[in-house]
Amino acid sequence: MNEVLLNVTGLRKSFRINSGVLTAVAGADLIIRRGETVALAGESGCGKSTLGRMIAGLTPPDAGSVKLLGTELIGLSHRALRPWRPKVQMIFQDPFSSLNPRSTVARILEEPLIVHRRGDARERRAEVARMMERVGLRPEAASRYPHEFSGGQRQRIGIARALMLRPELIICDEPVSALDVSVRAQILNLLADLQQEMGLSYLFISHDLSVVQHLADRVAVMYLGKIVELGGKDSFWATPGHPYTQALMAARPLPGTGQRLRDKEILEGEMPSPIGKREGCDFRARCRCAFAPCASTGPELRSRAPGHVVACHLTQG
Ligand SMILES: Nc1ncnc2c1ncn2[C@@H]1O[C@H](COP(=O)(O)OP(=O)(O)O)[C@@H](O)[C@H]1O
Ligand code: SF4
Ligand SMILES: [Mg+2]
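Rules of the game
Sequence order as written defines the numbering, with residues in each chain counted from 1. Following the order in which they are written, the chains are lettered starting with A and the ligands numbered starting with 1. For this predicted model, a pLDDT threshold of at least 70 governs which residues receive local features, and a threshold of 80 or more governs which side-chain atom pairs are given and counted, while totals over whole chains, interfaces and linings are taken from all residues. In computing side-chain values, all of the structure's heavy atoms are included and hydrogens and water are not. Think of it this way: one heavy atom of a residue within 4 Å of a molecule or strand is enough to make that residue near it. Residue classes follow a fixed rule: Ala, Val, Leu, Ile, Met, Phe, Trp, Tyr, Cys and Pro count as nonpolar, while Asp, Glu, Lys and Arg count as charged, and any other residue, Gly among them, counts as polar. Numbering goes from the N terminus for both helices and strands, where a helix is a DSSP run of H or I of at least four residues and a strand is a run of E of at least two. Given the number of residues in a helix, its expected span is that number minus one, multiplied by 1.5 Å. Two residues form a contact once any of their heavy atoms are found within 4.5 Å. At least two bridges found by DSSP between two strands are what make those strands a pair. Axis geometry follows a simple rule: fit a line to the C-alpha atoms, using only the stretch in contact for helices, then measure angles between N-to-C directions, giving values from 0 to 180 degrees. The cut-offs for exposure are 20% and 50% of the maximum accessible area for each residue type, with area from a 1.4 Å probe on protein chains only; residues under the lower value are buried, those over the upper are exposed, and the others partly exposed. Only protein atoms enter the 1 Å grid, on which a cavity is a set of points fitting a 1.4 Å probe that cannot get out and a pocket is an open set with protein on both sides within 12 Å along at least 5 of 7 lines, lining residues being those with an atom within 4 Å of a point. Grid points are joined across faces, edges and corners, and a volume is the space filled by probe spheres set on the points.

A. Structural view of the site of ligand 2. Residues in contact with ligand 2 amount to 13 residues; listed here are only the nearest, Cys-281, Cys-287, Cys-294, Cys-312 and His-313. Class assignment for the residues of the shell around ligand 2 results in 10 nonpolar, 2 polar and 1 charged.

Structure (structure tokens):
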């Protein structure tokens, strides 16, 4: 098995808002190995982006540990973090809002190199041209501005920017969710090619399980701030253990038809509020399998099969 690149344990984040304390991530553990793609799925608002941002160092956690190649990043000084920062980069759903509209593509791509003092001006320009070609953009377009590109091309710029510092891990936060279906496959193929060539690891965030089905080595499902299931692709897709995962899978549209797999298992209701304290299993109000213990005790993650854990009282190891 490949080396462990990222080891996250007990990561938590709450936000104090007017109506109380909102727990966005309630303690998450996750390992990502070199060259691996781990998907993070779950409905909107379950905490995926907050978890991704904490791993990328964009949101400080309240508690927990983020180790990259064995080095603890939480609590490091700005200076001590400097050599580690380039190793984890992020790609966002909406590349337009994450690209400075007043900068040319050349400037956007060169900036990380300037900040991290990589190369002289000529080397940086050459690297920008190389990377543009690598992601399928014409280097002549370097003098243009983000609004002059299509959505798919803008996402290519976002990917190029994330790659400029030669990262090890890229947090892809819904990178194709805002794109037309026809463009999605192109961007997903590009990410797969880049992974092969550059030995990248991905944490691939998507609210839609069908997007991650073909690209993930392992899949984690989040519900209300917690990872409720995590498994290797074979075990995960063949024998999903959590009633929530089963409902998400049943809700996937069938390829080409747009129809659902099994109508009666479709998820009903909404995720409960993440504000305030909670007891028991967070999924119980929507769970067709709920029984008495689910109201009082929150289930812990337990082994269902090798490399496959589920947080549900019904799970037998
Ligand atoms: N900066 C913030 N301040 C207050 N609440 C936030 C903030 N960021 C996220 N949240 C809340 O945390 C929860 C998880 O959000 P998020 O991580 O964006 O979920 P997802 O990416 O799965 O849609 C949501 O209830 C969201 O409203
Ligand atoms: S612990 Fe109970 S309520 Fe929660 S998912 Fe399992 S059966 Fe459903
Ligand atoms: Mg999000």
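Still more ground to cover, so stick around.
B. Summary view of helix H7 (residues 181-198). For H7, which comprises 18 residues, the first-to-last C-alpha distance of 26 Å matches the rise-based estimate of 26 Å (1.5 Å per residue) to within 8%. Packed against the buried residues of H7 are strand E3 (37-41), strand E6 (88-91), helix H5 (121-134), helix H6 (151-163) and strand E8 (201-206). Two residues or fewer after H7 comes Gly-199, characterised by a positive phi angle close to 65°.

C. Examining the sheet that holds strand E9 (residues 218-223) more closely. In spatial order, the strands read E6-E7-E8-E3-E9-E10-E12-E11; together these 8 strands make up an open sheet with mixed pairing. Every other strand in the sheet has two partners, leaving E6 and strand E11 (302-305) as the edge strands with one partner each. With direction set aside, neighbouring strand axes in the sheet form an average angle of 25°. Sheet analysis places strand E10 (residues 226-232) next to strand E12 (residues 308-310), joined by 2 bridges and oriented antiparallel. Each bridged residue has a counterpart across the sheet, and for Leu-230 the counterpart in E12 is Val-309. The strands that helix H10 (residues 243-250) touches are E9 and E10; relative to E9, the one it contacts most, it runs at about 105°.

D. How the structure looks around the side chain of Ser-201. When you line up the elements, Ser-201 lands in strand E8. On the basis of relative accessibility, which here comes to 0%, the residue Ser-201 falls in the buried class. Every residue in contact with Ser-201, bar those within four places of it in the chain, is listed here: Leu-5, Ile-32, Arg-33, Arg-34, Gly-35, Glu-36, Glu-168, Leu-169, Ile-170 and Gln-195.

E. Examining empty space enclosed by the protein more closely. Applying the stated rule across the entire model yields 2 cavities of 30 Å³ or more. In this structure, the largest cavity spans a volume of roughly 80 Å³. Lining the largest cavity are 14 residues, with Pro-243, Cys-281, Cys-287, Cys-294 and Cys-312 positioned closest to its centre. Residues belonging to the lining of the largest cavity are distributed by class as follows: 11 nonpolar, 2 polar and 1 charged.

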